Amino acid sequence: MVEEKKKSRNIVRDMSFRVVKATVRAALVYVLYFFLAPLLAPLFVMVPMLAGTIESFVVIYIVLMILSDITEGTIFQYFFSTARALFVIAYLLLSLGDGVISVGYENFSLTVNLTMFYTVAVVLSLLGFAKSILQAIHFLNERAEADAISSGLQP
Amino acid sequence: MNVPIRALGIATSIFWIFLIAFIALAAYSIKDLNFNVGEPQFAPASNGQLLFSMPLYIDNRGFSDLKAFNLTTVFSDFEGSEISKASTYVSVIPHGENVTIFHNVTLDVNGLLGNGAQYLFNDSSLTASVSAGLTFAELLPAQLSTNITYPWGAPFYNFTLGQLSYRYLSATNSSVTVPMSFENHAAFDVDGSIRVELCDSAGSLLSESQTALNVTSHSSYAGDLGFRVPLTLAALSAARNGHFNVYFSTSLFEYGPMVIPYG
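All values derive from a computational prediction rather than experimental measurement.

(A) How the structure looks around the overall build of chain A. From N to C terminus, chain A includes five helices and two strands. Reading chain A from its N end, one meets helices and strands in the order α-α-α-α-β-β-α. Per-residue burial for chain A yields a buried fraction of 15% across its 155 residues.

What follows is the structure, given as structure tokens:
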């Protein structure tokens, strides 16, 4: 009875810690966005849609990050971090297309070739994706080992 | 396995930070770039061509150099046919510097008139497709393109030969005077001559007259052309119908004959 009470207290403490950690990380990402967004203001003037899409991207990214942090210690953590990595790749693919952006303004047409940035960003996202998969494999491996040890000790 | 995964995560994060910082600084630099286009000017060039000169002022107060700046202008006529094309290339515009670039395009006026004499006698417009490309922050190539319409003022706008006035000099010679007028709407001075052939209704040349011209830009000209016609009274009455062949010759172009009927 005492042990059960202790266990549930540990779960509450663990959960609280995860929530605090997720909150701090989400706040850090939002602060980063808050300070970087004014730097991108000249681009927002030329491409009015950009501000909205970046905002949506940050919101979805933070939500997936919070879910991943809250489910830490379970396989779901890796599901969410994999989803986050895939979301970044999908966002880059959908928003940048072939990496060449053309914007029309009155009689002017501005074309910016972001292929270099695009390539590096996609490679980094793929690395993030690979990291999540490796972490999931590592997690399952450790759990299987723990199960094998516990089942080996039982008889 | 945990250590390599962590190392991979740290390395990825560091690269992300660098990439985001680079893009943010590059985007922020755009606001410190200042491009200004000066008043374009047309001036006659030495080899019988018209020089279009456009000053471009670039103030690069951004964090990085602008590289491979390339400005290309393609002039086309009202039908869209290419008249002239020119490029100006500047390898580096260092950051913190103010650079003035003169973009020069030569226009072959003879070629322009080959597409139609309307540029000689009617005010029109030339379309310039301007495209400026540069490599921004070392890694981001960008291109800006636009179409600009420049008004073209005709050098012989409203060219008119008036009514012939006859004067008998002798039994075999007569004098014919024709008033000639036009307005120079062009951005350049008209310096040359006009030669006019007076022909009768059968197309035979009766006489010719040549007048030197020096008409400054945006001014008008009015003068008389004098012809000495070796005709009898009977033949003169037959010559009251016919046509003029007008030949224009300036430092920029040669044009003619332009046929103007009279009578």
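(B) Representation of the packing of helix 3 (residues 48-70) of chain A against helix 4 (residues 75-96) of chain A within the structure. Residue and element names in this part refer to chain A. Contact pair helix 3 / helix 4: the axes reach a minimum separation of 8 Å and the direction vectors enclose 165°. In terms of their interaxial angle, helix 3 and helix 4 are classed as roughly antiparallel. Crossing geometry of helix 3 relative to helix 4 is assigned as left-handed. In this structure, helix 3 contributes Thr53, Phe57, Ile60, Tyr61, Leu64, Met65, Leu67 and Ser68 to the contact, and helix 4 contributes Gln77, Phe80, Ser81, Ala83, Arg84, Phe87, Tyr91 and Ser95.

(C) Looking closely at the sheet that holds strand 7 (residues 124-136) of chain B. What the six strands build is an open sheet, ordered 1(A)-2(A)-8(B)-7(B)-4(B)-5(B); its pairing is antiparallel. Sheet topology places strand 1 (100-105) of chain A together with strand 5 (82-93) of chain B at the edges, where each strand pairs with a single neighbour. In this sheet, adjacent strand axes meet at a mean angle of 15° when their direction is disregarded. Sheet topology places strand 7 of chain B next to strand 8 (residues 140-152) of chain B; 13 bridges connect them, and they run antiparallel. Within the sheet, the bridge partner assigned to Ser129(B) lies in strand 8 of chain B and is Asn147(B).

(D) Here's a closer look at the interface of chain B and chain A. Between chain B and chain A, the residue contacts involve 25 residues of the former and 24 residues of the latter. Its residues assigned to classes, the side of chain B that touches chain A comprises 17 nonpolar, seven polar and one charged. As paired elements, strand 2 (residues 108-113) of chain A and strand 8 of chain B share five bridges and run antiparallel to each other. Paired with Phe108(A) across the strands is Thr146(B), a residue of strand 8 of chain B.

(E) Main features of the sheet that holds strand 15 (residues 242-250) of chain B. All names here are of chain B. Judged by pairing direction, the sheet is antiparallel, and its four strands sit side by side in the order 13-12-15-16 without closing on themselves. The outermost strands of the open sheet, each flanked by one partner alone, are strand 13 (205-215) and strand 16 (254-262). Neighbour-to-neighbour, the strand axes of this sheet turn through a mean angle of 20°, independent of strand direction. Here strand 15 pairs with strand 16 via seven bridges, running antiparallel.

Conventions adopted
Residues numbered from 1 in each chain as written. Chains lettered and ligands numbered in written order. Predicted model: local features only at pLDDT ≥ 70, side-chain atom pairs only at ≥ 80, totals over all residues. Helix = DSSP H or I, 4+ residues; strand = E, 2+ residues; numbered from the N terminus. Buried ≥ 20, exposed ≤ 12 C-beta atoms within 10 Å, placed from the backbone. Axes fitted to C-alpha atoms, helices over the stretch in contact; angles between N-to-C directions. Parallel < 35°, antiparallel > 145°, perpendicular 65-115°, else oblique. Left-handed = near helix turned anticlockwise from the far one by under 90°. Contact = placed C-beta atoms within 7 Å. Pairing = 2+ DSSP bridges. Nonpolar A, V, L, I, M, F, W, Y, C, P; charged D, E, K, R; others polar.

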